[in-house]
Amino acid sequence: ELCVQSYEDVDGIIPMGQASLREFVTNFDESILSLVETLHQLVLLINESSHLITIDKDRATVRDIIARVKKCIFDLERCYSPSGRKLPITLCRLNTIDNMGSILHEVKTNLLSCVKA
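Residues numbered from 1 in each chain as written. Predicted model: local features only at pLDDT ≥ 70, side-chain atom pairs only at ≥ 80, totals over all residues. Heavy atoms only, no water.

**Describing the overall build of the protein**
Phase 1 of the analysis: Within the protein one finds four helices and zero strands.
Phase 2 of the analysis: Listed N to C, the secondary structure of the protein is α-α-α-α in terms of helices and strands.
Phase 3 of the analysis: For the protein, the proportion of its 117 residues judged to be buried stands at 28%.
Phase 4 of the analysis: A sequence separation of at least 24 residues applies to 77% of the contacts in the protein between residues at least 6 apart.
Phase 5 of the analysis: Put simply, the protein shows about 8100 Å² of open surface, and 58% of that area lies on carbon and sulfur atoms. (Helix = DSSP H or I, 4+ residues; strand = E, 2+ residues; numbered from the N terminus. Buried < 20%, exposed > 50% of the residue type's maximum accessible area, 1.4 Å probe, protein only. Contact = heavy atoms within 4.5 Å. Areas by Shrake-Rupley, 256 points an atom, 1.4 Å probe, with all protein chains shown as cover.)

**Focus: the packing of helix α2 (residues 18–49) against helix α3 (residues 56–79)**
Phase 1 of the analysis: Running from N to C, α2 and α3 cross one another at 160°; their axes reach a closest spacing of 10 Å. Regarding the angle of α2 to α3, the classification is roughly antiparallel. The way α2 lies across α3 gives a crossing that is left-handed. Here Leu-35, Val-36, Leu-39, His-40, Leu-42, Val-43, Ile-46 and Asn-47 of α2 lie close against α3, whose contacting residues are Val-62, Ile-65, Ile-66, Val-69, Lys-70, Cys-72, Ile-73, Leu-76 and Glu-77.
Phase 2 of the analysis: In the contact of α2 with α3, the residues fall into 13 nonpolar, two polar and two charged. (Axes fitted to C-alpha atoms, helices over the stretch in contact; angles between N-to-C directions. Parallel < 35°, antiparallel > 145°, perpendicular 65-115°, else oblique. Left-handed = near helix turned anticlockwise from the far one by under 90°. Nonpolar A, V, L, I, M, F, W, Y, C, P; charged D, E, K, R; others polar.)

**Here we look at the packing of aromatic side chains**
Phase 1 of the analysis: For the coordinates displayed, the defined rule picks out two aromatic pairs.
Phase 2 of the analysis: With centroids separated by 5.3 Å and ring planes inclined at 80°, the aromatic side chains of Phe-28 and Tyr-80 adopt a geometry described as edge-to-face. One end of the pair, Phe-28, is in helix α2; the other, Tyr-80, is in the loop between α3 and α4 (91–116), and 52 residues separate them in sequence. (Phe/Tyr/Trp six-rings, centres within 6.5 Å; stacked < 30°, edge-to-face > 60°.)

**Observations concerning the nonpolar core**
Phase 1 of the analysis: Val-69, Leu-76 and Met-100 are the most contacted members of the largest nonpolar core, which has 23 residues in total.
Phase 2 of the analysis: Taken together, the elements giving at least two residues each to this core come down to α2, α3 and α4.
Phase 3 of the analysis: Among the elements that line this core, the one with the most residues is α2, at eight residues. (Core = buried A, V, L, I, M, F, W, Y, C linked by side-chain atoms within 4.5 Å.)

**As for the pattern of salt bridges**
Phase 1 of the analysis: In this structure the tally under the stated criterion is five salt bridges.
Phase 2 of the analysis: Taking the shortest distance from any N to any O, the salt bridge between Arg-93 and Asp-29 comes out at 3.4 Å. Residue Arg-93 is located in helix α4, and its partner Asp-29 is located in helix α2; the two are separated by 64 residues in the primary sequence.
Phase 3 of the analysis: Here Lys-71 ties to Asp-75 by a salt bridge, and the two come within 2.6 Å at their closest N and O atoms. Taken together, the positions of Lys-71 and Asp-75, both in helix α3 and four residues apart, correspond to about one turn of that helix.
Phase 4 of the analysis: The exposure class assigned to Lys-71 is partly exposed, which follows from its relative accessible area of 39%. (Salt bridge = Lys/Arg side-chain N within 4 Å of Asp/Glu carboxyl O.)

Have a look at this one:
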């Protein structure tokens, strides 16, 4: 947890525009949580409907898709935890959000590969 003792502690650690940053971070947090929940529901839907598949090759494909989606969920949950509306928004927090770009790209690639499966 960040403890600011003096103005010098703020310099370079806490960017300006905290109200705007808080809104941005809150929206990002909600988007990530929504994405993770959607992926959990997708896995549930695929699991529940998989018994309708009668061809073994197709069952294997469905299992592969479930594994890919679960990996996406794991990667998102491992790499990002919502801020819980905490203030101040630090540069470290902003860097974490920035680094999510590569994770989100990887998730997108994995999900698109499911469509092609």
